[in-house]
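# Coordinate analysis (summary)
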Amino acid sequence: MTADELQPFLTGLAQRVMREDDWGTQADYIPDLAGIDPVQFAISVVLPDGQVLSAGASEQPFSIQSISKIFTLSIALGRIGDSIWARVGREPSGDAFNSIVLLENEQGHPRNPFINAGAIVTTDALLAGRAPREALSEILQFIRMAAGDESIHINRHVARSEKATGHRNMALAHYLRSFDNLTHEPDLTLGTYFHQCSIEMSTRQLALAGRYLAALPCSPRMISDAKVRRLNALMLTCGQYDGSGEFAFRVGLPSKSGVGGGLLIVAPGKASIAIWSPGLNEHGNSQAGTRAAAHLSDFTGWSVFRP
Ligand code: GLU
């Protein structure tokens, strides 16, 4: 797929999404995200040679929310390797991102690192030997290096806003602690978790940060190839919560969604893709963004199920 073929398609795709006028609803449980206009769209695609193609509001920063879980897991895998799996599983949950149900049945061992309980455990692991400020600076440094962009920052206002209403996540953290699967005070781990979720990036920055997951030659080296392969497997099976099966069916590429409406999508060896549209579907994944991803994979033929 050359840039000359892809750019007109992306421009047309952005126009088509605007015309389709089917946006879903923005996340309203985080007060700071409730006021965002759902009628917005952006897409960026990085090709193996490093070219970035974009359409729509691709320079507009948005809250990456759960997409941050990819980066914290990458750091945890790099730092403590396979010992993370003693604390969190690798199976799709079939439940909502913030579900507490499975945690009781499975004795405080979260199903996977992308549901909130699993991500909170991963962040807890990153706090070993580090103060929250240091762990957050490590997360930010990792993302800045992956994207090659020092301007990426945390929106502390969004973090405070989520903390003020984050009762479900507090319940999850205390519940994990009761099973001895949280080594720090819930407040400490959650403070770090809320701040990592509040990192803001544009689709351009996010697509650049995802280059290492697609193993593009233009990417800085972040983690080993074996770890990238495993992360992609988890993104395919668990990256969209209980919408993961549908996304694999429609798009066929590893991805991670966030309730800010972002999507990071990996076409291994071919492209790193970021899409943003803040209106969400019933699973908490971007509604217009998911549709756009399906159009893109139809057009390019990119799919891990197609040789
Ligand atoms: N910060 C959000 C939460 O924990 C992340 C959820 C998401 O993006 O899916 O509720």
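Residues numbered from 1 in each chain as written. Predicted model: local features only at pLDDT ≥ 70, side-chain atom pairs only at ≥ 80, totals over all residues. Heavy atoms only, no water.

When helices and strands are counted, the chain shows 13 helices and eight strands. For 307 residues, the compact-globule estimate of 2.2 N^0.38 gives 19 Å, and the C-alpha radius of gyration of the chain, at 18 Å, lies within 12% of that figure. Here the chain, with 307 residues, has 59% of them falling under the buried criterion. Put simply, of all contacts in the chain between residues at least 6 apart along the chain, 70% involve residues at least 24 apart. Element-wise, carbon and sulfur atoms account for 51% of the exposed surface of the chain, whose accessible area totals about 12,000 Å². In the chain, 26 positive and 30 negative side-chain charges are present, and the distance between their average locations comes to 5 Å. (Helix = DSSP H or I, 4+ residues; strand = E, 2+ residues; numbered from the N terminus. Rg over C-alpha atoms; globule rule 2.2 N^0.38 Å. Buried < 20%, exposed > 50% of the residue type's maximum accessible area, 1.4 Å probe, protein only. Contact = heavy atoms within 4.5 Å. Areas by Shrake-Rupley, 256 points an atom, 1.4 Å probe, with all protein chains shown as cover. Lys, Arg positive; Asp, Glu negative; His and termini not counted. Charge placed at Lys NZ, Arg CZ, Asp CG, Glu CD.)

Going through the model one piece at a time under the given rule, you end up with 10 salt bridges. Arg-230 is paired through a salt bridge with Asp-82; the nearest N and O atoms lie 2.8 Å apart. Separated by 148 residues along the polypeptide, Arg-230 in helix α11 (residues 225-238) and Asp-82 in the loop between α3 (68-80) and α4 (101-105) bring together distant segments of the chain. Taking relative accessible area as the criterion, Arg-230 reaches 43% and is therefore assigned partly exposed. Notably, a salt bridge pairs Arg-221 with Asp-225, separated by 3.7 Å at the nearest N-O pair. The burial state of Arg-221 is the same as that of Asp-225; both residues are exposed. By sharing partners, the salt bridges in this structure join Arg-16, Glu-20, Asp-22 and Arg-291 into a single network. (Salt bridge = Lys/Arg side-chain N within 4 Å of Asp/Glu carboxyl O.)

The description of two helices packed together rests on the angle between their axes and the distance between the axes. The geometry of helix α1 (residues 3-20) relative to helix α13 (residues 287-300) is characterised by a closest axis approach of 11 Å and an angle of 145 degrees between their N-to-C directions. α13 is crossed by α1, and the crossing has right-handed handedness. Residue-level contacts link Glu-5, Leu-6, Phe-9, Leu-10, Leu-13, Arg-16, Val-17 and Glu-20 of α1 to Ala-288, Arg-291, Ala-292, His-295, Leu-296, Phe-299 and Thr-300 of α13. (Axes fitted to C-alpha atoms, helices over the stretch in contact; angles between N-to-C directions. Left-handed = near helix turned anticlockwise from the far one by under 90°.)

This part takes up the site of the ligand. By nearness alone, every residue bordering the ligand is listed as Tyr-29, Gln-65, Ser-66, Phe-97, Asn-116, Glu-162, Asn-169, Tyr-193, Cys-197, Tyr-241, Gly-258 and Val-259. Tyr-193 places a side-chain nitrogen or oxygen 2.6 Å from an oxygen atom of the ligand. One of the side-chain nitrogen or oxygen atoms of Tyr-241 is found 2.6 Å away from an oxygen atom of the ligand. Relative to its unbound accessible area of 300 Å², the ligand is 99% covered by the protein chains. Classifying every residue of the shell around the ligand gives six nonpolar, five polar and one charged. (Near = heavy atom within 4 Å. Polar contact = N/O pair within 3.5 Å; in protein donor to acceptor, adjacent residues only side chain to side chain. Nonpolar A, V, L, I, M, F, W, Y, C, P; charged D, E, K, R; others polar.)

Within the open sheet, the five strands sit side by side as β2-β1-β8-β7-β6. Their pairing is antiparallel. The open sheet terminates on both sides in strands that have one partner only, identified here as β2 (52-56) and β6 (255-257). Pairs of neighbouring strands in the sheet enclose a mean axial angle of 10 degrees, with direction left out of account. Across five bridges, the pairing between strand β1 (residues 42-46) and β2 is antiparallel. Residue pairing for β2: Val-45 is matched across the bridge by Leu-53. Packing of α13 onto the sheet brings it into contact with β1, β7 (262-267) and β8 (271-276), and relative to β8 it is tilted by some 150 degrees. (Pairing = 2+ DSSP bridges.)

Glancing now at the packing of aromatic side chains. Taken as a whole, this structure holds six aromatic pairs when the rule is applied. Ring centres of Phe-71 and Phe-142 lie 6.4 Å apart, and the angle between their planes is 50 degrees; this geometry places the pair in the tilted category. Remark: Phe-142 occurs in helix α6 (residues 132-147) and Phe-71 occurs in helix α3; sequence separation between them is 71 residues. A relative accessible area of 11% places Phe-142 in the buried class. Measuring from ring centre to ring centre gives 5.9 Å for Tyr-193 and Phe-194, while their planes differ by 55 degrees; the resulting arrangement is tilted. By the ring-pair criterion, three or more aromatic residues cluster together here, those being Phe-71, Phe-142 and Tyr-212. The aromatic ring of Trp-85 is capped on one face by Arg-90, whose charged end is 5.1 Å from the ring centroid. (Phe/Tyr/Trp six-rings, centres within 6.5 Å; stacked < 30°, edge-to-face > 60°. Lys NZ or Arg CZ within 6 Å of the ring centre and 35° of its normal.)

With that settled, consider the nonpolar core. In terms of nonpolar packing, the biggest core is built from 47 residues, with Phe-71, Ile-199 and Tyr-212 touching the most fellow members. If you tally residues by element for this core, the top one is α6, at seven residues. In this structure Tyr-212 touches Ile-70, Phe-71, Ser-74, Phe-142, Ala-146, Ser-219, Pro-220, Met-222, Ile-223 and Val-228, once residues within four positions along its chain are discounted. Within the second largest apolar cluster, 29 residues are counted, among which are Ala-3, Leu-47, Val-251 and Leu-253. (Core = buried A, V, L, I, M, F, W, Y, C linked by side-chain atoms within 4.5 Å.)

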